[in-house]
Amino acid sequence: MLRSPVTPATGGRPGWIAIGLVVGALSATTLQAQQSAQQAPAGQQAPAQQAQSAPAPRVFASDAGMVLNFIKPDKTADFEAVMAKLKEALAKSPKPERKQQAASWKVFKSPDPAAGGNVLYVFIIDPSVKGADYTVSTILNEAFPQDVQTIYKQYADAYASGQNFVNLTLVSDFGK
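Residue positions within a chain follow its written sequence, with the count starting from 1. Owing to the predicted nature of the model, reporting of local features is limited to residues with pLDDT of at least 70; listing and counting of side-chain atom pairs is limited to 80 or more, with chain, interface and lining totals taken over all residues. Side-chain numbers come from the whole structure's heavy atoms, not from hydrogens or water.

Undergrad: Can you break down the overall build of the protein residue by residue, with the values?
TA: Counting from the N terminus, the helices are DSSP H or I runs at least four residues long and the strands are E runs at least two residues long. Of regular secondary structure, the protein possesses 6 helices and 4 strands. Within the protein, the proportion of its 176 residues that are buried is 31%. Pairs of residues are marked as contacts when any of their non-hydrogen atoms sit within 4.5 Å. Sequence separation of at least 24 residues holds for 75% of the intrachain contacts in the protein that already meet a minimum separation of 6. Carbon and sulfur atoms form 58% of the exposed surface of the protein, whose accessible area is close to 11400 Å². Burial status follows relative accessibility: with a 1.4 Å probe on protein chains alone, a residue under 20% of its type maximum counts as buried, one over 50% as exposed, and anything between as partly exposed. Using a 1.4 Å probe, the Shrake-Rupley method yields the accessible areas, and only the shown protein chains count as cover for residues.

Undergrad: Before we move on, could you go through the environment of Thr 169 and cite the residues and values that matter?
TA: With respect to the helices, strands and loops of the structure, Thr 169 is situated in the segment after strand E4 (159-168). Taking relative accessible area as the criterion, Thr 169 reaches 60% and is therefore assigned exposed. On a C-alpha basis, the gap between Thr 169 and Ser 62 in space is 5.7 Å, while along the polypeptide they are 107 residues apart. Sequence-distant contacts of Thr 169, that is, excluding residues within four places in its chain, are made with Ser 62 and Asp 63.

Undergrad: If you had to explain the confidence of the model for the protein to someone new, which residues and values would you point to?
TA: The quantity called pLDDT is the predictor's confidence in a given residue, expressed from 0 to 100. Chain-level pLDDT for the protein is 79 on average; 69% of the residues reach the 70-or-more range. Overall, residues 3-11 carries pLDDT values under 50, and its contacts beyond four positions in sequence, including any with other chains, amount to 2 contacts. Taken as a whole, residues 13-52 scores under 50 in pLDDT and shows 19 contacts with residues more than four places along the chain or in a different chain.

Below is the structure:
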């Protein structure tokens, strides 16, 4: 009887799934930016260049969303401190959509190391608030305009690589 080696499913599979999602998201973003740059009329900035000037709104156009955040291992305390400020900003906002966002936004930390030894934090937004801007810097600026530069620097410096936004459409709800 022949035996083939079997790798346990714990630990490895979630990492590979996350990596696959990241590669797919980055590939699509890069292709879209290249196409936009090629299509920009002479003398005008491409959308990718405009985004550097002002953050593009992060909006989920589907039922739910997920954001993958790859954080440097020595910066997890900084990232979590900014998440506490983000929670505070959402709670104190007079905007009703911010209250809705807070009610459906959860932050998870993977106990398994991510690619390159980084730490994976996942935002799960279920349900998403249609049309609401999930840009962290925008939300922080609304609540803490005097401190936003310092908070955002702490937030940006925590990243090993950028965020990956994933729109999710419900296919089946096993609980119903």
